[in-house]
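Per-entry structural report
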Amino acid sequence: MIVALAALGLTLMLVVWRYAPPPARPAQAPAAEFSAARARLALARALAFSPAGDVVAHPTGSAANAAVRERLAAVLRGLGLRPVVEERRSCGRWGRCATVSNLLAIIPGRDPRLPAVLLACHYDSVAAGPGAADDGAGVATTLEVARALLARPRLLREVWLLLDDGEEPGLLGAEAFVRDAARRSRISAVINVEARGTTGPSLLFELSPGNARLVSAVADALPRPVTNSIYYTLYQRLPNDTDLTVFKREGLAGVNFAFVGGPLRYHTPRDDLAHLDGDSLQHLGDHALAMARALGDAGGSWHARRDDVFFDFLTFRVVRWPERWTLPLALAGALLVLVAVWLTRRRAGAGGRPLVGAACALGAVLVAAGLGWALAALLRRAGALPYQWVAHGGPARLAFWSLGVAVAALVAWLAGDRLRARGVFAATWIGWALLAVVAAAAMPGVSYPLVVPMLIAGLAGVLGALAGLGMAWVTLAPLLAAALLFFPLVWMLDEGMGTSAMPAISALVALVLTGALPAFAVAPRRTRALLAVAAAVAVLAGALGAWLQPPFTADAPRPLSLVLYHDAEARQTRWIASAAEGSLPPALARDGGFAAAPQHPYPWAAWYAAWVAPVPALSLTPPELVTPTTALTADGWLLRARLRSLRDAPTAGVYVPGDRLLSARLGGEAVLLPPAPERDAWEVVEDVTVPAGPAGGVELELAFRGTEP
């Protein structure tokens, strides 16, 4: 048991060490290498600054964004490139439109006839923050990768650098880029660089379908890779979008990199240069540069007819196999486990109490999940976990990891002498085999953490039975395999998913420790009790630390939306506040005069509830629909009008019945509406750059189903 626990502890230490990003290289690094220090300097030259020297937000359509674009063009020209600005009106899938200005520069290749590699990022920010990481990290990476590529002889293919505009309003720059079909056909593969936070390792979290050739290139090229097919499989099922979403929709092959640590600074004023982690920028740049060289120096297509199952082994290398092999591997492993159980039973005779072992293994996972859910609910009720992420996540992480250990040790202690090594080995790995086969059949990409340890358990069991080894030693190899595959996933889980994933952390740790139950079975009952007590103390210490630490700080702020809403017709002005954690800060609620209960403040969004506080009425000129005309067609109503603002509003839009909306055009550009079943009762059609003044505005054309008004 001591050996098993020591091995698990060493594995966790290796995970923590290996999954930290590598140290940032200085500005004096060799010219052909990526240097985070050089990349940060290039980014600092490009960003917009306030008179006080602070980095400022530069959303699409703003003067600050135009200034950033001009500085980026100057940096690219300083590298000897010839950037061009491509301006066009673009609409995204969710009704947002804008005039975007993309920057495109080309690094020549040895054979310009071959399709190029596209290195893409976006340079616009949200209005709430300066975007030094999102996507300043992508901009800095692109500039430094370009410099490093130019420091060596040319690659086989051209590398196109796309710094696009309007990603935050709805991937508008990418939509504008792919509108040119002839140019789109000139792209062989896309490398997209993003950030959802300000720190953490660079994750290869998304690839295009038919990824076998891309995975092969990743395995050969990436230094310190952090990737697996679980990210790829699950991300395809999540409602998250980046520019790669647009490129994939158009049939382009591609890979997507991002870091996700420090999520409370995402889309806030704290997404600034001071909080952009240099080590994370280094890891992101190493990955982008390696992929640019790998994809740019290879011929042929990057599309394949199959996907691979893949994962990194402690960031040393990527292990992969064709997805179609997964179910046969799982079935072979299950057969090996059954043979191992039969050989063990034949050698040692009947007994072993497999039912007790099954109850312990299954009970450990279920009880850990249940207690993890209860602990998370208790900490949320106590105010320690008010939101998906908190400023100090270490104590909670300690509590939920330790809970999985405590439950496994407690179950082993309660079982006493009824827990036998042979029985619990048989029950545990037969259970793993069932899970592995089901996962391999249903979702092969997520099954490898079950399939690989189960295969090793079968092999170790057969060889151990033939060699006469004790069960405590036979179980060590599959236990280590389970820890090496599950611990990196569990370690990244709370940064990626937040506090909602904490119960899953406890359950997965307990699942790994089911592989240690044979070692627990041969340990004295007192030793099991001591482990359970020590782990329980760690749970209490972590929970207490989570409760005592402030959930938010100045550098990891509380997410809060505060809107000043003026109804010009009713001549009413109100504050509308909403907080993701479901309650307002007490001082804001008290001093702002907010109502005690949430209300429905917007007539076009009956589903939305928020806290409301009165404000003295403002005198603001409302937006206008000028010269509206309607016509009844065979399908329903057609409305034409000009939408304009007389007060230089940067954003204007209309809300219309989404279930009746057939099509929309803004400024002559078709709006890509979501499928009808996915539309809200009211669908927003919004423009981010409406020209102001009496002669300004944008032409609007809406078609509705039905003859009612």
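For the structure itself, look to the data block above.
Residues numbered from 1 in each chain as written. Predicted model: local features only at pLDDT ≥ 70, side-chain atom pairs only at ≥ 80, totals over all residues. Heavy atoms only, no water.

As for the overall build of the chain
Helix and strand counts for the chain come out as 22 helices and 19 strands. For 709 residues, the compact-globule estimate of 2.2 N^0.38 gives 27 Å, and the chain sits close to it at 29 Å. Here the C-alpha coordinates of the chain stretch approximately 95 × 65 × 60 Å along the principal axes. Here the chain holds 709 residues, and the buried ones make up 54% of them. Relative to all contacts within the chain whose residues are 6 or more apart in sequence, the contacts with residues 24 or more apart total 78%. (Helix = DSSP H or I, 4+ residues; strand = E, 2+ residues; numbered from the N terminus. Rg over C-alpha atoms; globule rule 2.2 N^0.38 Å. Buried < 20%, exposed > 50% of the residue type's maximum accessible area, 1.4 Å probe, protein only. Contact = heavy atoms within 4.5 Å.)

Focus on the packing of aromatic side chains
With the rule as written, the count across this model stands at 15 aromatic pairs. Relative to W604, the ring of Y565 has its centre 6.2 Å away and its plane inclined at 80°; by these criteria the two rings are edge-to-face. Of this pair, Y565 sits in strand 10 (residues 560-567) while W604 sits in the loop between helix 22 (586-591) and strand 12 (611-615), and the two are 39 residues apart along the sequence. In this structure an aromatic cluster arises from ring pairing among Y565, Y602, W604, W607, Y608 and Y655. The ring of W491 has R397 sitting right over it, with the charged end atom 3.7 Å from the ring centre. (Phe/Tyr/Trp six-rings, centres within 6.5 Å; stacked < 30°, edge-to-face > 60°. Lys NZ or Arg CZ within 6 Å of the ring centre and 35° of its normal.)

Structural notes on the sheet that holds strand 12
One open sheet holds the three strands; their spatial order is 10-11-12, and the pairing between them is antiparallel. At either end of the open sheet lies a strand with only one pairing partner, and these are strand 10 and strand 12. When the angles between neighbouring strand axes are averaged without regard to direction, this sheet yields 25°. Here strand 10 pairs with strand 11 (residues 572-579) via eight bridges, running antiparallel. In the strand pairing of strand 11, H566 is matched with T573. (Pairing = 2+ DSSP bridges. Axes fitted to C-alpha atoms, helices over the stretch in contact; angles between N-to-C directions.)

A short note on the side chain of D124
Within the fold, D124 resides in the loop between strand 3 (116-122) and helix 4 (136-150). Despite being buried, D124 has no salt bridge partner; R96 is the closest side chain of opposite charge, sitting 9.2 Å away. Within the structure, the side chain of D124 is placed 3.1 Å from the backbone nitrogen of E168, a separation counted as a polar contact. Among residues more than four places away in sequence, those in contact with D124 are H58, T60, N65, D134, D135, D164, D165, G166, E167, E168 and P169. (Lys, Arg positive; Asp, Glu negative; His and termini not counted. Salt bridge = Lys/Arg side-chain N within 4 Å of Asp/Glu carboxyl O. Polar contact = N/O pair within 3.5 Å; in protein donor to acceptor, adjacent residues only side chain to side chain.)

A closer look at the pattern of salt bridges
One pass over the full model with this rule turns up 22 salt bridges. In this structure, D494 and R397 form a salt bridge, with 2.7 Å as the shortest nitrogen-oxygen distance. In this pair, D494 is assigned in helix 18 (residues 476-497) and R397 in helix 14 (residues 394-415), connecting sequence segments 97 residues apart. Pair check on accessibility: D494 and R397 agree, each one buried. With its nearest N and O atoms 3.9 Å apart, the salt bridge here joins R642 to E699. Here R642 is found in strand 14 (residues 636-644), whereas its partner E699 is found in strand 19 (residues 698-705), with 57 residues between them in sequence. Three or more residues joined by partner-sharing salt bridges are found here, namely E175, R184, R249 and E250.

A short note on the state of the cysteines
Applying the stated criterion across every chain, the model contains one disulfide. Between C91 and C97 runs a disulfide, and the two sulfur atoms are separated by 2.1 Å. Judged by the sign of its S-S torsion, about 110°, the bond between C91 and C97 is right-handed. For C91, a relative accessible area of 0% translates into the label buried. (Disulfide = S-S within 2.5 Å.)

Some points on the packing of helix 2 (residues 36-46) against helix 11 (residues 278-296)
Packing of helix 2 against helix 11 leaves a shortest axis separation of 9 Å and a crossing angle of 100°. Taken together, the axes of helix 2 and helix 11 are roughly perpendicular relative to one another. In contact with A36, A39 and R40 of helix 2, helix 11 contributes G278, L281 and Q282. Tallied by class, the residues present in the contact of helix 2 with helix 11 amount to three nonpolar, two polar and one charged. (Parallel < 35°, antiparallel > 145°, perpendicular 65-115°, else oblique. Nonpolar A, V, L, I, M, F, W, Y, C, P; charged D, E, K, R; others polar.)

Considerations on the environment of V411
Along the chain, V411 turns up in helix 14. Exposure remark for V411: the relative accessible area of 14% places this residue in the buried category. Spatially, the C-alpha atom of V411 lies 9.2 Å from that of A359, the residues being 52 residues apart in sequence.

Describing the packing of helix 13 (residues 354-381) against helix 14
As a packed pair, helix 13 and helix 14 sit with axes 9 Å apart at the nearest point and diverge in direction by 140°. The angle between helix 13 and helix 14 falls in the class oblique. Crossing of helix 13 against helix 14: the hand is right-handed. Contacts between helix 13 and helix 14 involve C360, A364, V367, A368, L371, G372, L375, A376 and L379 on the former and, on the latter, A399, F400, L403, G404, V407, A408, V411 and A415. When its residues are assigned to classes, the contact of helix 13 with helix 14 shows 15 nonpolar, two polar and no charged. (Left-handed = near helix turned anticlockwise from the far one by under 90°.)

Brief notes about the sheet that holds strand 16 (residues 661-666)
The five strands are arranged 13-14-19-16-17 in an open sheet whose pairing can be described as antiparallel. Looking along the sheet, the strands with just one partner apiece sit at the ends: strand 13 (624-632) and strand 17 (669-670). Bridging between strand 14 and strand 19 involves eight bridges; their strand directions are antiparallel. The partner of W637 across the bridge, within strand 19, is F704.

Structural notes on the environment of L702
Within the secondary structure, L702 is located in strand 19. Using a relative accessible area of 1% as the deciding quantity, one classes L702 as buried. Measuring from C-alpha to C-alpha, the distance between L702 and V656 comes to 9.1 Å, with 46 residues separating the pair along the chain. Residue contacts for L702: discarding those within four places in its chain leaves W637, L638, L639, V654, V656, L661, S663, A664 and V685.

Examining the environment of R45
The residue R45 is located in helix 2 in this model. By relative accessible area, R45 is classed as exposed at 53%. For the pair R45 and A74, spaced 29 residues apart in the sequence, the C-alpha separation amounts to 9.6 Å.

Here we look at a nonpolar patch on the surface
Judged by side-chain polarity, L562, L564, W575, L618 and L620 come together as a nonpolar surface patch covering roughly 400 Å² of accessible area. Summarising the element assignment, L564 is placed in strand 10. A relative accessible area of 42% places L564 in the partly exposed class. (Patch = residues over 30% accessible without salt bridge, like charges linked within 9 Å, V, L, I, M, F, W, Y side chains within 5 Å. Areas by Shrake-Rupley, 256 points an atom, 1.4 Å probe, with all protein chains shown as cover.)

Examining a positive patch on the surface
Taken together, the side chains of R353, R418, R420 and R525 make up a positively charged region of the molecular surface. On the secondary structure map, R418 appears in the loop between helix 14 and helix 15 (421-442). For R418, a relative accessible area of 46% corresponds to the partly exposed category. (Charge placed at Lys NZ, Arg CZ, Asp CG, Glu CD.)

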